[in-house]
Every structure is written in structure tokens, then in C-alpha cells.
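# Reading the structure
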Amino acid sequence: MTEDVRGLLAEAGGLYRDSPRAAASLHEAFNHLDEPLRVGITGAPGTGKSTLAAALGETRSLRDLTLVDDPSASVLTDATVRLLRHLEPDELASTHPAARSAFARQTAVDTVLVLARADETGAGRIDALLTAKQLARRAWREDPLCSGAQGVIAVAAQLAYGARAFTDDEFELLAAFAAVPREELERYLLSVDAFTDPAFPGPVSVDTRRSLVSRFGLFGVKLALTLIRTGSDSRVKLSTELVRRSGLGELRDTVAGCFAARAEALKARTAVVRLETVLQNEPRPGSDRLEARVERFAATAHDFTELRLIADIRGGRTALSGEPADEAVRLLGAQGTTPEERLGLDFETDPREVYAAGADAVLRWRHEAERQDRPPAERAAAHVVVRSAEGVLALFA
């Protein structure tokens, strides 16, 4: 795919060599093909973009990409993590830019939506994160404005960032608080002002308590106390549980599976969108030939078809569910695009076993694709899975 795009850009560069603006734009896109994938963290002020970028940036599985905190319109990015305060129609509508190229619309697989500051849902009750996750899941399944997003995920970024860097001193402090009788502590957990009240039981200074709230938020402090009381009796256990509940892990896995694993395809998409913009802004004799090549490229780029179907299956927009849905998204590459990852095998599996598993997948999904008792949309989805499985076998040819 990348070499095809290089060819397109090279031909376009020759066509637009007398246009400094167009030539510079194409040159930037060409060079970016050799650079790391860029994922923009965007959203309105106050949604926690920088905190989320910092928390994601410390994730080992995402070190091969570049996170761009609040990129300007002039910065070339390949994918977007868009933070929203609410999942209201107006905010969701803003995630769909009005003027995008035909190719961009056909291959709109580059966005993950985040319900930000999830710990503030429902006035920060102890079940705030669970409620926020339910809201996000429902929006992804039921709201047409979420269609095409690679995920709608509730995340408490401040909690995630604080928990990833938990210190022993902070754990000991919270453990001491958790040892105070619940009824004695309860009224000091109603607000930040109450938590930092000089009358707070125990010798811990106001500044120290204020620092804890600053690091984890009042919700994070309350959740940490609950978790310590119910078995998270070490710093590592508490940190792991807080990060898991923050939603950061789900977001990380989505970015890794849908963006990082598709880096070459997404960078190629960025380049073709840039090319299509140049062709639209400066049409000239010969540009129609390039437009036709872009259309052919879009029609044959299976990576984008896979990503769209992954989003549809995970968002509950297909009839697939349960184990067949799990297998389909795996074969489509949601958990990685190597043959072993697509087939759910260990990396050390004998190649003959990998091929046999791939052949078995092709046969089973081809059967599903040809079943006349299935709705056309379901058969079409199965055809996409068949092509993905056939792609695995082609690597052994």
C-alpha cells in the first residue's frame, strides 16, 4: 500500500511542480510516510487532553507512535482521540467535519471518541465510572453520530495518570485513611473543602491532603479507600486496579489495535487525503487521471474495510455477537495484524499449524458468507472476514 501511495505522490509531484504550495503539501505527505504514526489528542478546553496524552504516552505498547497534544490544523495527523465532556448531539456532531474529501469519508476509520472526566459522571458518586462506561457503550451502539468511530470509551484521565505513578508514601497514607472508621471519615469525603478541612481526623497536613486530591481527584481518593478496604492491600494492587477502572487500558488497547497496528495504512490514508485535497483545490489537465487512481486505491484498500467492520461489530451494529463476533474481529486484525494474532495463536506456533488454522477459518467463514438464510448485510460482513483470512494464507504462498 505504501509503495502505491509513493507512486501516486511522485506522479502528483511532477504534475504540480510549478505550484509551490501544492508541491510543498505533497512533499510533506511523502516524507511523512517514513515517520512515526501521529495521533492527535483533541477536545474542548478543560477536557483533560494534556493529562490523557501524558497517561497514554507512558504506555509501552504505544511507544512506536507520536501523540500530539491539541494539534493545530496545520499539523499532519493520521488518527484522532477526541475528548468530549458529554455525549450530546451537538458535541457528537462536532466530531464530523462538514467538508471532507470523498476518500476521507469512505475511509473514516481514524477516530476514537472519549467520554472525558468520567469520574465526574453523576456528581462523582462511587459508581461514576461504571455509569460513564454504560453511557459510552450505549452511545456507541445506539447513536448514529457514533457510527464509524473505532470506540466510544469512558476515561478518567487524572485518575489513570495518578495511579500509574503511585508512590509508596501515597499508598501508606491512603491505607492509614482507610483504617479510620468509615462513619468517622464519611463527612470529610463529601467535597474537596471538607477533605482539606483542618478538623480532618489524624495528623496529616492540609497540604498533603490537598496534594492527594490534586493527583487523584476526590473521586480517586474515595475509590482508593474503597479498594484498600476490599482487598487491594499493596501499592501495586491498588495502582493496577485504579488504572483498570479508569478506562485507560481499554483506550490503550483500542489505539494499539486500530491505530498503531495499522500505522502504514493510516499514514497512506493521510497522504491520499492530502493528495485529494490538492486535486480538488487546483484541478488541471491530468489531475483527472490521478483522481481515478485515488478511487481505485480506495476501492481496494482492505485495511479500511476491516476497520469499519471492526467498529460495526464492536459497536453492536451487526447481527454478529458472542463467539462468532469475537472471532470475526480477531480475524479482521483488531488484536494485531500478524497471522498468529489474527488466528489467536502463539507467536511460536509451527507455520504449518498457522496455515491449517487459516485454511479452516476461510472454509468456515466462506460457508457463512454463502448462507442464503442470512441477511445480505451479514453475508457481506462474512465476505470481508473471508478476505482477511485469505490474506493470511496468501502470506504462505
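Our structure's up above, just so we're on the same page.
These remarks concern the structure in this document.

Conventions we followed
Residues numbered from 1 in each chain as written. Predicted model: local features only at pLDDT ≥ 70, side-chain atom pairs only at ≥ 80, totals over all residues. Heavy atoms only, no water. Helix = DSSP H or I, 4+ residues; strand = E, 2+ residues; numbered from the N terminus. Buried < 20%, exposed > 50% of the residue type's maximum accessible area, 1.4 Å probe, protein only. Lys, Arg positive; Asp, Glu negative; His and termini not counted. Charge placed at Lys NZ, Arg CZ, Asp CG, Glu CD. Expected span 1.5 Å × (residues − 1). Arc of directions from axis to C-beta. Contact = heavy atoms within 4.5 Å. Patch = residues over 30% accessible without salt bridge, like charges linked within 9 Å, V, L, I, M, F, W, Y side chains within 5 Å. Areas by Shrake-Rupley, 256 points an atom, 1.4 Å probe, with all protein chains shown as cover. Salt bridge = Lys/Arg side-chain N within 4 Å of Asp/Glu carboxyl O. Phe/Tyr/Trp six-rings, centres within 6.5 Å; stacked < 30°, edge-to-face > 60°. Lys NZ or Arg CZ within 6 Å of the ring centre and 35° of its normal. Disulfide = S-S within 2.5 Å. Axes fitted to C-alpha atoms, helices over the stretch in contact; angles between N-to-C directions. Parallel < 35°, antiparallel > 145°, perpendicular 65-115°, else oblique. Left-handed = near helix turned anticlockwise from the far one by under 90°. Nonpolar A, V, L, I, M, F, W, Y, C, P; charged D, E, K, R; others polar. Pairing = 2+ DSSP bridges.

## Describing the overall build of the protein chain
Assigned secondary structure in the protein chain consists of 20 helices and five strands. C-alpha atoms of the protein chain, sized along the principal axes, occupy 80 × 55 × 40 Å. Across the 397 residues in the protein chain, those meeting the buried criterion constitute 48%. Here the protein chain carries 50 positive and 59 negative side-chain charges, and the mean point of each set is 2 Å from the other.

## Considerations on helix α15 (residues 287-300)
For α15, with 14 residues, the first-to-last C-alpha span of 20 Å sits near the 20 Å given by 1.5 Å per residue. Every buried residue of α15 is accounted for by Ser287, Leu290, Val294, Phe297 and Ala298. On an axial view of α15, the arc spanned by its buried residues comes to 95°, and they lie on one face. Turned more than 90 degrees from where α15 packs its buried face, Asp288, Glu295, Arg296, Ala299 and Thr300 sit exposed. Elements that come into contact with the buried residues of α15 comprise α1 (2-15), α5 (102-106), α14 (263-281) and α16 (302-314).

## Quick word on a nonpolar patch on the surface
A cluster of nonpolar side chains, contributed by Tyr355, Leu395 and Phe396, occupies part of the molecular surface with about 300 Å² of accessible area. Along the chain, phenylalanine 396 falls in the segment after α20 (376-394). Assessed through its relative accessible area of 32%, phenylalanine 396 is described here as partly exposed.

## Observations regarding the environment of valine 68
Take valine 68: it is sitting in strand β2 (residues 65-69). Given a relative accessible area of 17%, valine 68 falls into the buried group. A C-alpha to C-alpha distance of 8.6 Å links valine 68 and threonine 42, two positions 26 residues apart in sequence. Residues within four places of valine 68 in sequence aside, it is in contact with Arg38, Val39, Gly40, Ile41 and Val75.

## Quick word on the packing of aromatic side chains
This model, assessed by the stated rule, comprises six aromatic pairs. Taking the centre distance of 5.1 Å and the plane angle of 70° together, the rings of phenylalanine 177 and phenylalanine 200 count as edge-to-face. Taken as a pair, phenylalanine 177 in helix α8 (residues 168-178) and phenylalanine 200 in the loop between α10 (192-195) and α11 (206-229) lie far apart in primary sequence, 23 residues in all. In terms of burial, phenylalanine 177 and phenylalanine 200 fall into one category: buried. Through a chain of ring-to-ring contacts, the aromatic side chains of Phe177, Tyr188, Phe195 and Phe200 assemble into a single cluster. One Lys or Arg, arginine 6, reaches over the ring of phenylalanine 30 and ends 5.8 Å from the middle of that ring.

## Some thoughts on the pattern of salt bridges
Applying the stated criterion across every chain, the model contains 31 salt bridges. With a shortest N-O distance of 2.4 Å, arginine 293 and glutamate 11 are connected by a salt bridge. Placement of the pair is arginine 293 in helix α15 and glutamate 11 in helix α1, with a sequence separation of 282 residues. Note that arginine 364 and glutamate 327 form a salt bridge whose closest N and O atoms lie 2.6 Å from each other. Of this pair, arginine 364 sits in helix α19 (residues 351-369) while glutamate 327 sits in helix α17 (residues 322-331), placing them 37 residues apart in sequence. Through salt bridges that share partners, Glu368, Arg371, Asp373, Arg374 and Glu378 make up one connected network.

## So, the state of the cysteines
Applying the stated criterion across every chain yields a total of zero disulfides. Counting only cysteine sulfurs, cysteine 146 is the nearest neighbor of cysteine 258, a cysteine outside any disulfide, at a range of 15 Å.

## Thoughts on the packing of α16 against α17
Orientation of α16 relative to α17, taken along the N-to-C sense of each, is 155°, at an axis distance of 9 Å. In this view, α16 runs roughly antiparallel relative to α17, as classed from their interaxial angle. Of the two possible hands of crossing, α16 and α17 adopt the one that is left-handed. Across from Glu306, Ile310, Ile313 and Arg314 in α16, the residues of α17 making contact are Ala325, Ala328, Val329 and Leu331. Here the residues of the contact of α16 with α17 are counted per class, giving six nonpolar, no polar and two charged.

## Describing the sheet that holds β2
In a beta sheet, neighbouring strands are held together by backbone hydrogen bonds and run either parallel or antiparallel to one another. Taking strand neighbours across the sheet as the criterion, the five strands line up as β2-β1-β3-β4-β5 in an open arrangement whose pairing is parallel. The open sheet has two free edges, formed respectively by β2 and β5 (152-154), since each of these has just one partner strand. Across the sheet, the mean angle separating the axes of adjacent strands is 25° when strand polarity is ignored. For strand β1 (residues 37-43) and strand β3 (residues 79-84), the ladder comprises five bridges, and the chain directions are parallel. Its bridge partner being in β3, threonine 42 is matched across the sheet by arginine 82. Helix-sheet contacts for helix α6 (residues 128-142) involve β4 (111-115) and β5, and the interaxial angle to β5 is about 175°.

## A look at the pairing of β1
Most of β1 is tucked away: seven of the seven residues are buried. Neither face of β1 is left uncovered, since the one carrying Leu37, Val39, Ile41 and Gly43 and the one carrying Arg38, Gly40 and Thr42 both have all their residues buried. Looking at chain direction, β1 and β2 are connected through five bridges and run parallel. Bridging across to β2, arginine 38 finds its partner in threonine 66.

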